[in-house]
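# Residue-level structural notes
So the chains spell out like this:
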Amino acid sequence: MNKIILWSVPLLLLSSVSIQGVSEALPDKQAELFTSPKKPTDSYLPVRSLASIPKGEFGDKVRMGYQLFVNTQQLRGQYVGNELNCSNCHMDAGRKANASPLWAAYLAYPAYRKKNDKVNSYQERLQGCFTYSMNGQAPDNDSPELIALSAYSYWLAMGGLMDQYQVAGEVPELSDKALVLGGKRDDFSLPEAIASAMTMDERAKLAGRGFPAIPKPELAYSPERGAEVYKAHCQACHGDNGQGLAIAGIYSLPPLWGPDSFNWGAGMHRVNTAANFIYENMPFGKSITLTNQQAWDVAAYVTSKERPQDPRLTNKGVADLAKQYHQHQGYYGKAVDNGPMLGSKAYPVNPDK
Ligand code: HEC
Ligand code: HEC
């Protein structure tokens, strides 16, 4: 706890520094997922109770993955450079349908990426969220952390499939090498009852994956109108400056922008991704109560605030990076309300390094 309090001091000092140049090229590991609207007929994979995680070495990996996912701050200063936990966005410990659940994600990797003509494994996708959503430095391939997070995801996915298709018994154990690849592969071994019920492509597109797409707004989204929505529906929890709420250095309500939140490379900085997430999952405890328009407007407001730099920035500058990586619905490289160009006063990447 002391450590967390100490770290906030350099954060404050550094927050006035403008662009942090990071020269090494980072691959784009946080590309936009395909999204589709929710259907009334959707039914979701059942999730096993955490109490049923088995004893023994494999169960210990699953448990460690769960622990890292809900208390990612234990990796602060090492792999995490902000005040978030994975479960702040992947809610209910990565189990909630329509809050990008891990059980659906696991079965969608390895995934072919047209953009770099490369296949991304599950652990590479996990690394993407460390680099951008957690504003940190991702653990290495095959590290205990990525193996544990993969084991937890696999256990949720396979346990859910087994329960759905009434396959009895414990989730079969997998080697570390196999765990980090993900479940969308021909050689992924599955009980016959599951393999014959669903194709690999169907398993990779389970209902509840990602955040459901909401319709386009009637009026073009507006940060100005969003500010009003924010005051009325968000500020009580997330603070008047999006800073969240920490008690004795531990955040109980996560920051939405500023130095302690996700960076400009994270998926949540896109207006559409944030709108989809917010409509479905916020206000916490009262979700699906905003109008479609309110969700878009407040998403525009939240994503038009300054946050930690996109770690892919080079000495060519913000405008160049915006051209290369930000051809989507987002404010990086743009100015709002005659303010400075967003990204030009960004906070540090991975401030603890
Ligand atoms: C600030 C919010 C946020 C945080 C924190 C966050 N993520 Fe993500 N994550 C996202 C978004 C947004 C996506 C892309 C989902 C989409 O576009 O629908 C994503 C995608 C993923 C995916 C792929 C999902 C899929 O179905 O393909 C995995 C796996 C994942 N994150 C794991 C993690 C892990 C592990 C952590 C913590 C180390 C983490 N995330 C922290 C927002 C977040
Ligand atoms: C009752 C308190 C509460 C209200 C009101 C609320 N939130 Fe949240 N919000 C939370 C909590 C708690 C989490 C983390 C969820 C978790 O860890 O399970 C969260 C997470 C988030 C996240 C993802 C994590 C991050 O820090 O980026 C976003 C984005 C977000 N909220 C936006 C909003 C918006 C926009 C509104 C208003 C429409 C809103 N919230 C209203 C409590 C609240």
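This text goes with the structure placed above it.
Notes on the structure in this doc start here. Remember, predicted model here, so these are calculated numbers, not experimental data.

Parameters and conventions
- Residues numbered from 1 in each chain as written.
- Chains lettered and ligands numbered in written order.
- Predicted model: local features only at pLDDT ≥ 70, side-chain atom pairs only at ≥ 80, totals over all residues.
- Heavy atoms only, no water.
- Near = heavy atom within 4 Å.
- Polar contact = N/O pair within 3.5 Å; in protein donor to acceptor, adjacent residues only side chain to side chain.
- Helix = DSSP H or I, 4+ residues; strand = E, 2+ residues; numbered from the N terminus.
- Nonpolar A, V, L, I, M, F, W, Y, C, P; charged D, E, K, R; others polar.
- Domains from an automatic or database assignment.
- Donors = N, O, S within 2.8 Å, 3.2 Å for Na, K, Ca; no water.
- Buried < 20%, exposed > 50% of the residue type's maximum accessible area, 1.4 Å probe, protein only.
- Tetrahedral: all angles 85-135°; square planar, octahedral: opposite > 155°, others 65-115°.
- Phe/Tyr/Trp six-rings, centres within 6.5 Å; stacked < 30°, edge-to-face > 60°.
- Axes fitted to C-alpha atoms, helices over the stretch in contact; angles between N-to-C directions.
- Parallel < 35°, antiparallel > 145°, perpendicular 65-115°, else oblique.
- Contact = heavy atoms within 4.5 Å.

In the region of ligand 2, 21 residues are neighbours, and Cys-234, Cys-237, His-238, Pro-255 and Met-282 sit closest. One nitrogen or oxygen atom from the main chain of Ser-87 is found 3.4 Å from an oxygen atom belonging to ligand 2. Here Asn-88 contributes a side-chain N or O atom positioned 3.0 Å from an oxygen atom of ligand 2. Elements supplying a minimum of two residues to the shell around ligand 2: α11 (235-238) and α12 (271-281). Of the residues that constitute the shell around ligand 2, the class distribution is 17 nonpolar, four polar and no charged. Here the shell around ligand 2 spans two domains, and each of domain 1 (26-203) and domain 2 (223-325) adds at least three residues to it.

This next bit is on the coordination of the iron atom of ligand 2. Those donors, His-238 (NE2) and Met-282 (SD), are the protein atoms that reach the iron atom of ligand 2, and they lie 2.0 to 2.3 Å from it. On the basis of relative accessibility, which here comes to 11%, the residue His-238 falls in the buried class.

With that out of the way, let us pick up the coordination of the iron atom of ligand 1. Bound to the iron atom of ligand 1 are the protein donor atoms His-90 (NE2) and Cys-129 (SG), situated 2.0 to 2.3 Å from the metal. The coordination sphere of the iron atom of ligand 1 comprises six donor atoms, whose angles at the metal cover 88 to 178 degrees; the geometry is octahedral. On the criterion of sequence distance, the pair formed by His-90 in the loop between α2 (57-70) and α3 (91-94) and Cys-129 in helix α5 (residues 122-133) is long-range, its members being 39 residues apart. One exposure class covers both His-90 and Cys-129, and it is buried.

This paragraph deals with the site of ligand 1. Residues in contact with ligand 1 amount to 26 residues; listed here are only the nearest, Cys-86, Cys-89, His-90, Tyr-109 and Cys-129. Within the side chain of His-90, an N or O atom sits 2.8 Å from a nitrogen atom of ligand 1. In this structure, an oxygen atom belonging to ligand 1 sits 2.6 Å away from a side-chain N or O atom of Tyr-109. No other element matches α5, which puts six residues into the shell around ligand 1. Its residues assigned to classes, the shell around ligand 1 shows 15 nonpolar, eight polar and three charged.

As enumerated under the stated definition, the model contains 16 aromatic pairs in all. Geometrically, the ring pair formed by Phe-58 and Tyr-154 is edge-to-face, given 6.3 Å between the ring centres and 75 degrees between the ring planes. With Phe-58 in helix α2 and Tyr-154 in helix α6 (residues 144-164), this residue pair connects regions lying 96 residues apart in the sequence. The two residues Phe-58 and Tyr-154 agree in class, both being buried. Here Tyr-230 and Tyr-301 contribute two aromatic rings whose centre-to-centre distance is 5.4 Å and whose plane-to-plane angle is 45 degrees, an arrangement assigned as tilted. With a gap of 71 residues between them, Tyr-230 in helix α10 (residues 223-233) and Tyr-301 in helix α13 (residues 292-303) connect regions that are remote in the sequence. For Tyr-301, a relative accessible area of 14% translates into the label buried.

The subject of this paragraph is the packing of α2 against α6. Across the interface, α2 lies against α6 with an axial gap of 7 Å and an inter-helix angle of 100 degrees. Relative to α6, the element α2 lies roughly perpendicular. Of α6, the residues touching α2 (which contributes Phe-58, Lys-61, Val-62, Met-64, Gly-65, Tyr-66, Leu-68 and Phe-69) are Pro-144, Glu-145, Ile-147, Ala-148, Leu-149, Ala-151, Tyr-152, Tyr-154 and Trp-155. Its residues assigned to classes, the contact of α2 with α6 comprises 14 nonpolar, one polar and two charged.

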